[in-house]
Amino acid sequence: MQNGGKTARAVPTDNRQLKPAIRAVTCSAIDLRNKAVFLDRDGVLNRSLVKGGKPYAPLNRQEFSLLDNVKQACQLLTENGFLLVGVTNQPEIARGHIDWRTINEMHDFLIAELGLVEVRVCPHDDCDKCACRKPRPGMILDAAALYEVDLSSSFMVGDRWKDIDAGVSAGCRTVFVDHGYDEPRPACPDFTCADLFQATAWILALKS
Ligand SMILES: [Mg+2]
Ligand SMILES: [Zn+2]
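In this report, we go over the structure that sits alongside the text. (Residues numbered from 1 in each chain as written. Chains lettered and ligands numbered in written order. Predicted model: local features only at pLDDT ≥ 70, side-chain atom pairs only at ≥ 80, totals over all residues.)

## Description of helix α1 (residues 70-79)
Thinking step 1. Regarding α1, the residues found buried are Val-70, Ala-73, Cys-74 and Leu-77. For α1, the buried positions fall inside an angular range of 95° around the axis, keeping them on one side. Facing away from the buried surface of α1 by more than 90 degrees, the exposed residues are Gln-72 and Glu-79.
Thinking step 2. Following α1 by one or two positions, Gly-81 has its phi on the positive side, about 90°. (Buried ≥ 20, exposed ≤ 12 C-beta atoms within 10 Å, placed from the backbone. Helix = DSSP H or I, 4+ residues; strand = E, 2+ residues; numbered from the N terminus. Arc of directions from axis to C-beta.)

Quick look at the structure:
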């Protein structure tokens, strides 16, 4: 196992991560804060590759495809006033199995197709001990600060326990998309469902 500074290696960085394309929405005097749905990527927006009961990230554009009804779900959430922010662990970057160019192509597609304000990426692995790798809430907290998001009226949707724990730590309500993976399940999601469309129906029913 790598440990401490001696064996730490540089994780490739991407300057674009520092410059989200869209800035915070200007707030009215009455409604000072935005509400958001933070979306895990693999298994929520696009298909994961499932091998031996465990999910894996697509590593090229050919393997990358949207799940059913995701576009409609994102449209409904946007129409109902939610900012959509992707938050994804991609340790395959640190492991050298995918480069930023391919990741950015995937995320440019998601932003254009689904209307996300951005897709935040943790490019690290466990040994990097970063603040952004879920279950840590760093990506959610940073995006919430940038977009002036009220976390208590926001949601985190994910298909693994690390997503749900990150959402709970950030102070969001959480939705677990259960694909029945052969791995530990989250302890306390607020809602469990089969896909983002069901998650969306639950979120919007709460609001009405
Ligand atoms: Mg996932
Ligand atoms: Zn990280």
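Still more to cover.
## Section: the sheet that holds strand β1 (residues 35-39)
Thinking step 1. The sheet built from six strands is open, its strands ordered β5-β4-β1-β6-β7-β8 with parallel pairing. Here the strands that pair on one side only, and so sit at the sheet edges, are β5 (118-122) and β8 (191-193). Adjacent strand axes in the sheet meet at a mean angle of 20° when their direction is disregarded.
Thinking step 2. As judged from the three bridges shared by strand β7 (residues 173-177) and β8, these two strands associate in the parallel manner. Counted as the bridge partner of Phe-176 is Thr-192 from β8.
Thinking step 3. Together, β4 (82-89) and β5 form the strand contacts of helix α3 (residues 100-114), whose direction differs from that of β5 by roughly 150°. (Pairing = 2+ DSSP bridges. Axes fitted to C-alpha atoms, helices over the stretch in contact; angles between N-to-C directions. Contact = placed C-beta atoms within 7 Å.)

## Digging into the nonpolar core
Thinking step 1. Counting residues in hydrophobic clusters, the biggest one holds 47 residues, and the most contacted among them are Val-37, Phe-38, Leu-39, Leu-84, Val-85, Ile-140 and Val-157.
Thinking step 2. Contact partners of Val-37, with chain neighbours within four places excluded, come to Leu-77, Phe-82, Leu-84, Ser-154, Phe-155, Val-157 and Ile-203. (Core = buried A, V, L, I, M, F, W, Y, C linked by C-beta atoms within 7 Å.)

## As for unusual backbone geometry
Thinking step 1. The omega torsion of the bond from Lys-134 to Pro-135 falls at 20°, within 30 degrees of zero and hence cis.
Thinking step 2. One can find Pro-135 in the loop between β5 and α4 (138-147).
Thinking step 3. You will see that Lys-129, though not glycine, has its phi angle at about 50°, which is positive.
Thinking step 4. Summarising the element assignment, Lys-129 is placed in the loop between β5 and α4.
Thinking step 5. Not every positive phi belongs to a glycine, and Glu-148 is a case in point at roughly 55°.
Thinking step 6. Given 15 C-beta atoms within a 10 Å radius, Glu-148 is considered partly exposed.

## Here we look at helix α5 (residues 161-170)
Thinking step 1. Residues Asp-163, Ile-164, Asp-165, Ala-166, Gly-167 and Ala-170 constitute the buried set of α5.
Thinking step 2. On its buried side, α5 packs onto β1, α4, β6 (155-158) and β7.
Thinking step 3. Count one or two residues on from α5 and you reach Gly-171, which has phi positive near 95°.

## Topic: the pairing of β7
Thinking step 1. With respect to burial, β7 is a largely interior element, five of its five residues being buried.
Thinking step 2. When β6 meets β7, the two strands line up parallel, connected through four bridges. From the neighbouring strand, Phe-155 faces β7, where its bridge partner is Arg-173.
Thinking step 3. Handedness of the crossover joining β6 and β7 through α5 is recorded here as right-handed. (Right-handed = clockwise from strand over helix to strand, strands pointing away.)

## Overview of the pairing of β1
Thinking step 1. Taking burial as the measure, the five residues of β1 include five buried ones, the bulk of the element.
Thinking step 2. Neither face of β1 is exposed, since Lys-35, Val-37 and Leu-39 on one face and Ala-36 and Phe-38 on the opposite face are all buried.
Thinking step 3. Here five bridges tie β1 to β4, and the two strands are oriented parallel to one another. Paired with Val-37 across the bridge in β4 is Leu-84.
Thinking step 4. Note: β1 against β6, three bridges, orientation parallel. Bridging from a neighbouring strand, Val-37 pairs with Phe-155 of β6.

## Digging into the environment of Ala-131
Thinking step 1. In this fold, Ala-131 is placed in the loop between β5 and α4.
Thinking step 2. On the basis of neighbour counts, which here come to 13 C-beta atoms within 10 Å, the residue Ala-131 falls in the partly exposed class.
Thinking step 3. When neighbours within four sequence positions are excluded, Ala-131 is seen to be in contact with Arg-136 and Gly-138.

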